[in-house]
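# Close look at the chain arrangement
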Amino acid sequence: MFKEKIGTKTILPLGTTILGIIFSVIGFFKYGFWDENIGTLPGFFPTIIGLLLTGISILALFQSINDEKNSSRKENWYPVLAVILIIIGNFIFGMYISLFAFLIYWVRFYEKCSWKETIVIFTIMFVIVVGAFGAWLNINFPKGLIYNLLF
Amino acid sequence: MQNLELLFTGFVTVFSVQNVLVTMLGAVLGLLIGAMPGIGSLAGVALLLPLTYKFNPTTAIIMLGALYYSNMYGGSFSAILLNIPGDSPAVMTAIDGYPMATKRKRPGQALYTSNISSFTGGLIGICILTFMGPALAELGLKFGPAEMTSLLLVAMTSIGWLVGSNPTKGVVLTAVGILIASMGMDTLTGSPRFDFGSMYLLGGVPFIPFVIGTVGFAQVMKLVDEKDKKSNNIINEKLTIKGSMISLHELKRLLPPAIRSGFLGTFVGVLPGAGATTGAFLGYATQKAFKSEEPLGTGAIEGIAACESANNAAAAGSFAPLLALGIPGSGTGAVLLGGLMMWGLNPGPLLFTNQPEFCWSLIASLFLANIITLFIALGIIPFLVRILTVPIKLMIPAITMVCIVGSYSSTNSLYGVVVMLISGVFGFLFEKNGYSTAPMLLSFVLAPLLESNMRKAFIISHGSLDFFVKSPISLVLVILLILIISTPIIRGSLKIVKNKKQNKK
């Protein structure tokens, strides 16, 4: 029964409560709150906001019990997985190859679009990523381990 | 009169070949991104922010202004043709826009009405901004640390309180945004704070990856739910520019509500926290009190004109507190403010005197962007309609790639991508559970200003709270703050009492 009530709707306010406690405790004890001669110290503001967050999060936590359960589908997390793989791939193959490998895989093999659609979207994204960011904005994207070994 | 002279100087700056081209580019990109269903002006401006890196500060700010403005235009396209509002102000546009496009089979005319009304409202808003901005800045000069603290608290609370259905959740994310912003360096002493031993966190959480993740990447995760939706039939019909035009009689019908809503929307836009969405709601509600040739909600031109004009006027009006006091009126305004600050612009009372070139160029660019966007929007209606046929399943990988390269380019390291990913995941989870992320973005941008003013106020007053009620301006703002905080509580209590009474009966 209780298990059913726990989900992100409960975890989120619980997390913000902990965040509030961490910031107020560290703010107060590590960075300081008030000094008679100097006045406010670096921990002054985060301590106040941390305490406010803790209080209001506890209220949100109680309110969340009556909220409807919001479950996400596992498909919602595929883009997250894709970004993680691109970050890993970036170290080995470089940013460009990782990004375009992801694009082709997603469009052609995951969404099962035609090769024509794949080529069109590939071209558009090539112009944006390589043309606008790489060439125009001069962003030096990582080339990856393999490129660095070869060249 | 002096304002007009300064505005003229702004136009001289804006009318260079590069700036006009940049305004056009910003207008086209803003329209395209704003027209894409499910992206919206907030994510649109966030995704396009890195494109301004290439320019000098003045040109970059001009482009930002054009991007912001044209995004407002674009948001109505998917609302009218797909019944999917591109952003929250376009929710009201869909009420009459979609029936006009589908039931009355006049999608082109609905888009024309929307564009001309947006132009009218925007023009009124920018004209008022031209005269009111410096006046507001003069008032702002009377603001000391206590007044600024009270004002910033009003702005943050009203956004947290007004956006979303649950004020508690709004305040939670407002506080989260402030705490995230407090990581890095202390605003007054410059000493490291909350870096948790990470050298990356010493510089704080970078704004652009944070905002791209919170709105852009979170949107990608949400779009997955909609990727199998089929496109609407009406957008497969061929639209031509000529066939989309409205008659003189229809123009006469749309002008009175558009002008009325233009003034109303500007007034709403000036209020911190109200923004374009409130403007659109009020514009539509006001129109109900006036005569419409067709009943509202059935595809009435007056309905589209009232809310479209109001939301664009509010978008222009919100520049007044943004430039003069440094207070954005909405989430999109907060992103824009972050972008302006990135370019060395410090919005506040002294902006109009210290950085007039920036300021008046931005206002002049809004005039130019309004005209250019209107012509581009009217001219490319048939093409823009095709944009809406882009399947969401193709937009998911495309936006993901833009999120990655955009966040990488702002930090020149994968740290930006990691920040984007983490903030995207939390943005998605928060939105999924009914937390609006707009207050978090607003508080993230405003937190350093609030902290420095609050601490200065306490240092001056030696820790006494009396300081906040001693000056009349601060006292009024404190009363306003109490009213904002207590209104939902009183309303909620009244609702409970009413429900109890009904249950007894």
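Residues numbered from 1 in each chain as written. Chains lettered and ligands numbered in written order. Predicted model: local features only at pLDDT ≥ 70, side-chain atom pairs only at ≥ 80, totals over all residues. Heavy atoms only, no water.

## Examining the interface of chain A and chain B
Contacts between chain A and chain B engage 70 residues on the former and 67 residues on the latter. Our enumeration of links across chain A and chain B arrives at 1 salt bridge. Between Asp 225 of chain B and Arg 73 of chain A there is a salt bridge whose closest N-O contact spans 3.0 Å. Put simply, chain A and chain B have 10 residue pairs in polar contact (both at pLDDT 80 or more) between them. For the side of chain A that touches chain B, the secondary structure elements donating two or more residues are helix H2 (8–31), strand S2 (39–40), helix H3 (44–64), helix H4 (78–93), helix H5 (95–110) and helix H6 (115–136) of chain A. For the side of chain A that touches chain B, the residue count by class is 48 nonpolar, 16 polar and 6 charged. (Contact = heavy atoms within 4.5 Å. Salt bridge = Lys/Arg side-chain N within 4 Å of Asp/Glu carboxyl O. Polar contact = N/O pair within 3.5 Å; in protein donor to acceptor, adjacent residues only side chain to side chain. Helix = DSSP H or I, 4+ residues; strand = E, 2+ residues; numbered from the N terminus. Nonpolar A, V, L, I, M, F, W, Y, C, P; charged D, E, K, R; others polar.)

## Side note on unusual backbone geometry
Residues and elements named next belong to chain B. At Lys 105, a position not held by glycine, the phi torsion is positive, near 55 degrees. Checked against the element boundaries, Lys 105 lands in the loop between helix H5 (90–102) and helix H6 (107–140). Lys 105 sits in the exposed class, given a relative accessible area of 57%. You will see that Phe 196, though not glycine, has its phi angle at about 50 degrees, which is positive. (Buried < 20%, exposed > 50% of the residue type's maximum accessible area, 1.4 Å probe, protein only.)

## With respect to the side chain of Asn 19 of chain B
Residue and element names in this part refer to chain B. By the element assignment, Asn 19 lies in helix H2 (residues 17–35). The class for Asn 19 is buried, based on a relative accessible area of 4%. The residues contacting Asn 19, other than those within four sequence positions of it, are Thr 13, Val 14, Thr 59 and Ile 62.

## Digging into helix H9 (residues 207–223) of chain B
Residues and elements named next belong to chain B. Here H9 contains 17 residues, and its C-alpha end-to-end distance of 23 Å stays within 8% of the 24 Å for a straight helix at 1.5 Å per residue. Along H9, the largest kink reaches about 40 degrees and is centred on Gly 213. Counting buried residues along H9, 16 of its 17 residues qualify, which places the element largely inside the surrounding structure. (Expected span 1.5 Å × (residues − 1). Bend = angle between axes of the 7 residues up to and from the residue.)

## Looking at the packing of H2 of chain A against helix H8 (residues 167–181) of chain B
H8 of chain B packs onto H2 of chain A with a crossing angle of 40 degrees between their chain directions and a minimal axis gap of 11 Å. Classed by the angle they form, the pair H2 of chain A and H8 of chain B counts as oblique. Every pair of crossing elements has a handedness; the one defined by H2 of chain A and H8 of chain B is left-handed. When H2 of chain A is examined against H8 of chain B, the residues Thr 16, Leu 19, Gly 20 and Phe 23 of chain A are found in contact with a partner set consisting of Val 172, Val 176 and Leu 179 of chain B. Among the residues forming the contact of H2 of chain A with H8 of chain B, the class breakdown is 5 nonpolar, 2 polar and no charged. (Axes fitted to C-alpha atoms, helices over the stretch in contact; angles between N-to-C directions. Parallel < 35°, antiparallel > 145°, perpendicular 65-115°, else oblique. Left-handed = near helix turned anticlockwise from the far one by under 90°.)

## So, H6 of chain B
Where H6 of chain B bends most, the angle comes to about 35 degrees, and this point is Thr 130 of chain B, followed within four residues by the proline Pro 134 of chain B. When you tally the buried positions in H6 of chain B, you get 26 out of 34 residues, the bulk of the element.

## Here's the deal with the packing of aromatic side chains
The tally for this structure, following the rule as stated, stands at 31 aromatic pairs over all chains. Aromatic pair Phe 207 of chain B and Phe 444 of chain B: ring centres 6.2 Å apart, planes at 15 degrees, arrangement stacked. Residue Phe 207 of chain B is located in helix H9, and its partner Phe 444 of chain B is located in helix H21 (residues 438–460); the two are separated by 237 residues in the primary sequence. Judged by relative accessible area, Phe 207 of chain B falls into the buried class, the value being 15%. Here the aromatic residues Phe 28, Phe 29, Phe 33, Trp 34 and Phe 44 of chain A together with Phe 458, Phe 467 and Phe 468 of chain B are joined through ring pairs into a cluster of three or more. The lysine or arginine in question, Arg 260 of chain B, covers the ring of Phe 290 of chain B, its NZ or CZ lying 3.5 Å from the ring centre. (Phe/Tyr/Trp six-rings, centres within 6.5 Å; stacked < 30°, edge-to-face > 60°. Lys NZ or Arg CZ within 6 Å of the ring centre and 35° of its normal.)

## Some points on the pattern of salt bridges
Residue and element names in this part refer to chain B. Under the defined criterion, the tally for this structure stands at 12 salt bridges over all chains. Its salt-bridge partner being Glu 302, residue Arg 253 comes within 3.0 Å of it at the nearest N-O pair. In this pair, Arg 253 sits in helix H11 (residues 248–270) while Glu 302 sits in helix H13 (residues 301–317), placing the two residues 49 residues apart along the sequence. Residues Arg 253 and Glu 302 agree in their burial class; the two are buried. Overlapping salt bridges bring together Arg 104, Arg 253, Glu 293, Glu 294 and Glu 302 as one network.

## Focus on the nonpolar core
Counting 184 residues, the largest nonpolar core has Met 125 of chain A together with Phe 217, Leu 323, Val 335 and Ile 363 of chain B as the members making the most contacts within it. Here this core takes 14 residues from helix H17 (residues 356–379) of chain B, the largest share from any one element. Each of two domains, domain 1 (2–64) and domain 2 (74–150) of chain A, supplies a minimum of three residues to this core. Not counting residues within four places of it along the chain, the set of residues in contact with Met 125 of chain A comprises Phe 100, Leu 103 and Val 130 of chain A together with Ala 398, Met 401 and Val 402 of chain B. (Core = buried A, V, L, I, M, F, W, Y, C linked by side-chain atoms within 4.5 Å. Domains from an automatic or database assignment.)

## Here we look at the domain arrangement of chain A
According to the domain assignment, chain A contains domain 1 (2–64) and domain 2 (74–150). When each unit is reduced to the centre of its C-alpha atoms, the spacing between domain 1 of chain A and domain 2 of chain A is 39 Å.

## Focus on the packing of helix H4 (residues 57–82) of chain B against H17 of chain B
Residues and elements named next belong to chain B. Relative orientation of the contacting elements H4 and H17 amounts to 40 degrees, with a least axis distance of 8 Å. Between H4 and H17, the crossing angle belongs to the class labelled oblique. Seen along the crossing, H4 lies across H17 with a hand that is right-handed. When H4 is examined against H17, the residues Pro 57, Thr 58, Ile 61, Ile 62, Gly 65, Ala 66, Tyr 69, Ser 70 and Tyr 73 are found in contact with a partner set consisting of Glu 357, Phe 358, Ser 361, Leu 362, Ser 365, Leu 366, Ala 369, Asn 370, Thr 373, Leu 374 and Ala 377. The residue inventory of the contact of H4 with H17, partitioned by class, reads 12 nonpolar, 7 polar and 1 charged.

## Remarks on the side chain of Asn 370 of chain B
Residues and elements named next belong to chain B. Residue position: Asn 370 is located in helix H17. Polar contacts involving the side chain of Asn 370 include one to the main-chain carbonyl oxygen of Phe 119, which spans 3.1 Å. The contacts of Asn 370, once residues within four sequence positions are left out, are Tyr 69, Tyr 73, Ser 118, Phe 119, Gly 122, Leu 123 and Ile 126.

## Description of the confidence of the model for chain B
Model confidence for chain B is summarised by a mean pLDDT of 82, while 91% of its residues fall at 70 or above. Per-residue pLDDT, averaged within each element of chain B, yields its smallest value for helix H18 (residues 381–387) of chain B (71) and its largest for helix H20 (residues 414–432) of chain B (94). (pLDDT = per-residue confidence, 0-100.)

## What to know about the environment of Tyr 53 of chain B
Residue and element names in this part refer to chain B. Of note, Tyr 53 is situated in the loop between helix H3 (40–48) and H4. A residue is classified by how much of its surface remains accessible, and Tyr 53, at 22% relative accessible area, is partly exposed. For the pair Tyr 53 and Glu 294, spaced 241 residues apart in sequence, the C-alpha to C-alpha distance is 48 Å.

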